[in-house]
Amino acid sequence: QVQLVDSGGGLVQAGDSLRLSCAASGRTFSVYHMGWFRQAPGKEREFVAIIHWNGGSAFYTESVKGRFTISRDNAKNAVYLQLNSLKPEDTAVYYCAASTHYKMQTMPKEYAFWGQGTQVTVAS
């Protein structure tokens, strides 16, 4: 069992940056692959990024490559998402999530534990 708390969202202008944080409980945090998802009004929850449990690799959805960076600090039980060059289409509620699946997953249903979500709004 792990508990996740998201933070760091806000209202910004196009081209600005934000850093989202996710604080996890438990000494077993390091065994989880950690992902970020987002959900805009009227749309399904969308995969954004995932990082391996040991931080050795990361993958991103095509629309955020080169702009977003996922990272983790297992000593602090934390995962981060750096959002740069934000666009209005990035507006959504962002969620961190944890998975113990052997393979890195991009489907929300494969993640057992979720943060409460943090709102990112990008104005133009």
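Relevant structure appears above.
Residues numbered from 1 in each chain as written. Predicted model: local features only at pLDDT ≥ 70, side-chain atom pairs only at ≥ 80, totals over all residues. Heavy atoms only, no water.

A few words on the state of the cysteines. Counted according to the given criterion, the structure contains one disulfide. Two residues, Cys22 and Cys96, share a disulfide whose sulfurs are 2.0 Å apart. Judged by the sign of its S-S torsion, about 55°, the bond between Cys22 and Cys96 is right-handed. With Cys22 in strand β3 (residues 18-24) and Cys96 in strand β9 (residues 92-99), the pair connects residues that are 74 residues apart, well separated along the chain. Classification of Cys22 by relative accessible area gives buried; the value is 1%. Assessed through its relative accessible area of 0%, Cys96 is described here as buried. (Disulfide = S-S within 2.5 Å. Helix = DSSP H or I, 4+ residues; strand = E, 2+ residues; numbered from the N terminus. Buried < 20%, exposed > 50% of the residue type's maximum accessible area, 1.4 Å probe, protein only.)

Strand order across the open sheet formed by four strands is β1-β3-β8-β7, with antiparallel pairing between neighbours. What marks the edges here is a single partner per strand, and that holds for β1 (4-7) and β7 (68-73). On average, each strand axis in the sheet is tilted by 15° relative to the strand beside it, whichever way the strands run. As judged from the six bridges shared by β3 and strand β8 (residues 78-83), these two strands associate in the antiparallel manner. If you follow Arg19 over to β8, its bridge partner there is Gln82. (Pairing = 2+ DSSP bridges. Axes fitted to C-alpha atoms, helices over the stretch in contact; angles between N-to-C directions.)

With that out of the way, let us pick up the side chain of Asp90. Along the chain, Asp90 turns up in the loop between β8 and β9. Accessibility expressed as a relative area gives 0% for Asp90, which makes it buried. A polar contact of 2.9 Å, which involves the side chain of Asp90, links it to the side chain of Arg38. Excluding residues that lie within four positions of it along the chain, Asp90 makes contacts with Arg38, Arg67, Phe68, Ser85, Val120 and Val122. (Polar contact = N/O pair within 3.5 Å; in protein donor to acceptor, adjacent residues only side chain to side chain. Contact = heavy atoms within 4.5 Å.)

Here we come to unusual backbone geometry. Positive phi outside glycine occurs at Asn77, with the angle close to 50°. Looking at the element boundaries, Asn77 is found in the loop between β7 and β8. The phi dihedral of Ser85 falls on the positive side, at around 50°, and the residue is not glycine. You can see Ser85 is positioned in the loop between β8 and β9.

By themselves these figures say nothing about function.
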